[in-house]
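# Summary of the model geometry
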Amino acid sequence: MLILTEQYVTEKKFVKETETIRLQEYYMLCSVKQAEALLRDEHLPEAGGMSYLKGEVAFQKQNLSANMDQVTFILTMDSGEKSIGIGQYDKEKGAMVKWLEKN
């Protein structure tokens, strides 16, 4: 009985961690897509934030060259987890062409 209880608790913890990771990925993806659309229209400010139900993404834009911008995304979940993502936006292609994520 004790082994089954321990297995159940371990599985519940694993499910919760998986849910948090997927939610982080979803928030990052939504933020990147929104920033990409704003960059395409040249309306993305130098810095700002995007709020979600269980977290917030702060971003900062830097100009790398005449054809390339870099946007740094910092995701902070309400539960305390943090993730950093860096995307490079090609102005000619109108899309993010490179992505690096730090955890």
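Thresholds, definitions, all that
The numbers attached to residues start from 1 for each chain and follow its sequence in the written order. In keeping with the model being predicted, local features are shown solely for residues with a pLDDT of at least 70 and side-chain atom pairs are shown and tallied solely at 80 or more, while totals for entire chains, interfaces and linings include all residues. Side-chain metrics in this entry use all non-hydrogen atoms of the structure; hydrogen atoms and water are not considered. Every helix listed is a DSSP run of H or I at least four residues long, and every strand listed is a run of E at least two residues long, numbered separately from the N terminus. Taken over C-alpha atoms, the radius of gyration is set against a globule rule of 2.2 Å times the number of residues to the power 0.38. Whether a residue is buried, partly exposed or exposed follows from its accessible area with a 1.4 Å probe, protein chains only, as a fraction of its type maximum: under 20%, in between, or over 50%, in that order. Note on contacts: a residue pair qualifies if any of its non-hydrogen atoms lie within 4.5 Å across the two residues. Per-residue and other accessible areas follow the Shrake-Rupley method at a 1.4 Å probe size, with only the shown protein chains counted as cover for residues. A pair of strands is labelled paired if DSSP reports no fewer than 2 bridges between them. Axis lines are fitted through C-alpha atoms, for helices just across the contact stretch, and the angle between N-to-C directions can take any value from 0 to 180 degrees.

Glancing now at the overall build of the chain. Secondary structure assignment for the chain yields 1 helix and 5 strands. N-terminal to C-terminal, the α/β element order of the chain is α-β-β-β-β-β. Here the chain has a C-alpha radius of gyration of 17 Å; the compact-globule value for 103 residues is 13 Å, and the former is much larger. If you line up the chain on its principal axes, its C-alpha atoms span 65 × 20 × 15 Å. Counting across all 103 residues of the chain, residues that qualify as buried make up 29%. Relative to all contacts within the chain whose residues are 6 or more apart in sequence, the contacts with residues 24 or more apart total 32%. Here the chain has roughly 7,300 Å² of accessible surface; of this, 56% comes from carbon and sulfur atoms.

The strand order across the open sheet formed by 5 strands is E1-E2-E3-E4-E5, and the pairing between neighbours is antiparallel. The open sheet is flanked by strand E1 (47–52) and strand E5 (95–102), the only strands paired with a single partner. With strand direction ignored, the average angle separating the axes of adjacent strands in the sheet is 20°. Where E1 lies against strand E2 (residues 55–63), 6 bridges are found, and the strand directions are antiparallel. Among the inter-strand pairings, alanine 47 is bridged to a residue of E2, identified as glutamine 60. Where helix H1 (residues 2–40) meets the sheet, it contacts E1, E2, strand E3 (68–77), strand E4 (82–90) and E5, and its direction lies at approximately 145° from that of E3.

We now examine the pairing of E3. Within E3, 7 of the 10 residues are buried, which leaves it mostly tucked inside the rest of the structure. Bridge count between E2 and E3: 9 bridges; the pairing is antiparallel. Within E3, the residue paired with valine 57 across the bridge is leucine 75. What sits between E2 and E3 in their antiparallel hairpin is a turn of 4 residues. Sheet topology places E3 next to E4; 9 bridges connect them, and they run antiparallel.

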